[in-house]
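Tertiary structure, described
Listed below are the residues making up each chain.
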Amino acid sequence: MLINWSQFTPWSALGGGAVIGMAVALLVLMNGRIAGISGIVGGLLKRQKGDMGWRVAFISGLVVAPLVWQLFTALPAVRIDGSYAVMAIAGLVVGIGTRYGSGCTSGHGVCGLSRLSQRSMIATLVFMGAGFATVYVIGHIFQI
Amino acid sequence: MVNITAWVSGLIFGLGLILAGMANPGKVLAFLDVAGAWDPSLALVMAGAIAVGSVAFAMADKRGRSYLGLPMNLPASRVIDKRLVLGSLAFGMGWGLAGICPGPALVLLGSGSVKGMVFVAAMLLGMGIFEILERRRFTDFFRIRKLHNDIASAVSGSPPSHGQTGYVKK
């Protein structure tokens, strides 16, 4: 294993993680809800009366975050290697997969693990493993 | 008030993702590339989030209701089934393909990235497909149950019962 120390950003990673944890804390302690993004977005599509407001509010907060960030400083550079076709396929698979799996990196990976949920531990191991395997197959076997 | 706290939570979540580097698909893929020049940063994002999150959930578990008086809506399922595993497998593959998961996708959308928009549109389509398939599964369940009852009553000669017990026991 070769660690790329030049790209390693431990403090912003830990700090950013802690900030994410604070958002999770706020939502569960105030609204009694899990900050699982796929669940919050997916729940919108059920169109249940009385259950829409907080979802729309949370998502709009998330979407305006880069705009609020830009009020203070420039956004960090972003690299998206995948083509539009890759975005479409990956988005579709992520949409279906997170709904069948009842969660994503936030719902299972952060909230579920924080609650020591066995279900979330399995889910996290599976999607992390699948992520590692996919990158390995694409990058090192097919060398795309 | 409920919507304000939800909005602030979403905003803080998004700012955390940007600070952490999670909103940069290139960095996420560098984390997932353990056989390449590995960038372990994102493991620390999870560690930081869980450190704060576990305190919050420990507090939440002691409360019947939230500080705003809402019921604690925490998942109670403990089932580990094919849906959980295969769904997570598919999600992980999509994540490894683009380096984008649902939260960062919405942040990319807000930062005006066209690729982020394509990803979000496709993700919503995928979630919509799930919703349609789930609804069909649900109606199929009731249709099959009714069919069972009809057959059972035809065989026994008693009038069909479509009560809550479901199956007619003879």
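Structure first, text after, so check above.
Keep in mind the model is a prediction, meaning the values are calculated, not measured.

1. Here's the deal with the nonpolar core
Ala23(A), Val24(A) and Phe119(B) are the most contacted members of the largest nonpolar core, which totals 93 residues. Ranked by the residues each element gives to this core, the list is headed by helix 1 (residues 10-31) of chain A, at 13 residues. In contact with Phe119(B), other than residues within four places in its own chain, are Met87(A), Ala90(A), Gly91(A), Ala98(B), Ile100(B) and Ala105(B).

2. Quick notes on helix 6 (residues 114-156) of chain B
With 43 residues, helix 6 of chain B extends 63 Å from end C-alpha to end C-alpha; this agrees with the ideal 63 Å at 1.5 Å per step. Listed in full, the buried residues belonging to helix 6 of chain B are Lys115(B), Gly116(B), Val118(B), Phe119(B), Val120(B), Ala122(B), Met123(B), Gly126(B) and Met127(B). Packed against the buried residues of helix 6 of chain B are helix 2 (37-44) and helix 4 (84-100) of chain A together with helix 4 (82-98) and helix 5 (102-110) of chain B. Immediately downstream of helix 6 of chain B, the backbone of Gly157(B) shows phi near 85°, a positive value.

3. Brief notes about the environment of Ala65(A)
When you line up the elements, Ala65(A) lands in helix 3 (residues 53-72). Residue classification places Ala65(A) among the buried positions, given that 26 C-beta atoms sit within 10 Å. In contact with Ala65(A), other than residues within four places in its own chain, are Leu11(B), Gly14(B), Leu15(B), Ile18(B), Val107(B) and Gly110(B).

Rules and cut-offs
- Residues numbered from 1 in each chain as written.
- Chains lettered and ligands numbered in written order.
- Predicted model: local features only at pLDDT ≥ 70, side-chain atom pairs only at ≥ 80, totals over all residues.
- Core = buried A, V, L, I, M, F, W, Y, C linked by C-beta atoms within 7 Å.
- Buried ≥ 20, exposed ≤ 12 C-beta atoms within 10 Å, placed from the backbone.
- Helix = DSSP H or I, 4+ residues; strand = E, 2+ residues; numbered from the N terminus.
- Contact = placed C-beta atoms within 7 Å.
- Expected span 1.5 Å × (residues − 1).

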